[in-house]
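# Commentary on secondary and tertiary structure
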Amino acid sequence: QVQLVESGGGLVQPGGSLRLSCESSVSVFTIYAMGWFRQAPGKQRELVATMTSGDIKRYGDSVKGRFTISRDNNKNTLYLQMDSLKPEDTAVYYCNAAPNYHDYASFRGFWGQGTQVTVSS
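Calculation rules
Residues numbered from 1 in each chain as written. Predicted model: local features only at pLDDT ≥ 70, side-chain atom pairs only at ≥ 80, totals over all residues. Heavy atoms only, no water. Helix = DSSP H or I, 4+ residues; strand = E, 2+ residues; numbered from the N terminus. Contact = heavy atoms within 4.5 Å. Pairing = 2+ DSSP bridges. Axes fitted to C-alpha atoms, helices over the stretch in contact; angles between N-to-C directions. Disulfide = S-S within 2.5 Å. Buried < 20%, exposed > 50% of the residue type's maximum accessible area, 1.4 Å probe, protein only. Phe/Tyr/Trp six-rings, centres within 6.5 Å; stacked < 30°, edge-to-face > 60°.

As a further point, take the environment of Gly 9. Take Gly 9: it is sitting in the loop between strand S1 (4-7) and strand S2 (10-12). Sequence separation between Gly 9 and Thr 90 is 81 residues, and the spatial gap between their C-alpha atoms is 10 Å. What Gly 9 contacts, discounting residues up to four positions off in sequence, is Leu 20, Thr 115, Gln 116 and Val 117.

Now the structure itself:
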């Protein structure tokens with residue numbers, strides 16, 4: 001079992017920045033891949049960014065160039081730096097830990113409780 005606790009969400013104006021954090025109960029270096037997903041009201045959950053233990057990163061098309069995923073192995077924490085935020089980035093953001101390739105490829109594994117990000121003036 002992997003427990004994930006997200007933090008850092010909130011209300012921000014368009015063009016602003018936020019940094020989300022996801023603290024893991026186990027060493028993040030031992031997890032095959034971790035990532036961020038989001039779900040807006042009435043929409044399906046979508047990939048935001050993922051990174052494998054080998055530092056291979058993947059971003060959703062809508063956030064490329066604006067969001068950056070990173071990891072601090074010493075703190076067992078995954079981050080998502082979000083810059084140039086847009087109203088369409090408004091959603092609940094979920095942290096994910098995929099223990100193996102199958103879970104990574106199928107967007108399964110362990111999930112945090114989610115943190116709300118609202119981009120509005």
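And the narrative resumes.
Quick look at the sheet that holds strand S8 (residues 77-82) now. If you walk across this open sheet you meet the four strands as S1-S3-S8-S7, and the pairing is antiparallel. Looking at which strands have only one partner, the edges of the open sheet turn out to be S1 and strand S7 (67-72). For this sheet, the mean inter-axis angle between neighbouring strands, taken without regard to orientation, is 15 degrees. In this sheet, S8 lies alongside strand S3 (residues 18-24) in antiparallel orientation, the contact comprising six bridges. Within S8, the residue paired with Arg 19 across the bridge is Gln 81.

It is worth spelling out the state of the cysteines at this point. Scanning the model with the defined rule gives one disulfide in all. A disulfide bridge connects Cys 22 with Cys 95, and the sulfur atoms are separated by 2.0 Å. In this structure, the disulfide formed by Cys 22 and Cys 95 twists by about -80 degrees around the S-S bond and is classed as left-handed. In this pair, Cys 22 sits in strand S3 while Cys 95 sits in strand S9 (residues 91-98), placing the two residues 73 residues apart along the sequence. Assessed through its relative accessible area of 0%, Cys 22 is described here as buried.

What follows concerns the packing of aromatic side chains. Here the structure, examined in full by the defined rule, presents five aromatic pairs. When the centroid spacing of 5.1 Å and the interplanar angle of 65 degrees are considered together, the rings of Phe 37 and Phe 107 count as edge-to-face. Highlighted residues: Phe 37 in strand S4 (residues 33-39) and Phe 107 in the loop between helix H1 (101-105) and strand S10 (110-111), separated in sequence by 70 residues. Its relative accessible area of 3% is what places Phe 37 among the buried residues. The class of Phe 107 is partly exposed, set by a relative accessible area of 35%. Judged by centre distance (6.2 Å) and plane angle (55 degrees), the ring pair of Tyr 101 and Tyr 104 falls under tilted. Placement of the pair is Tyr 101 and Tyr 104 together in helix H1, with a separation of three residues, close to one helical turn. Taking the relative accessible area as the measure of exposure, Tyr 101 reaches 53% and is therefore exposed. For Tyr 104, a relative accessible area of 15% translates into the label buried. One aromatic cluster is present, built from ring pairs that chain together Tyr 32, Tyr 101 and Tyr 104.

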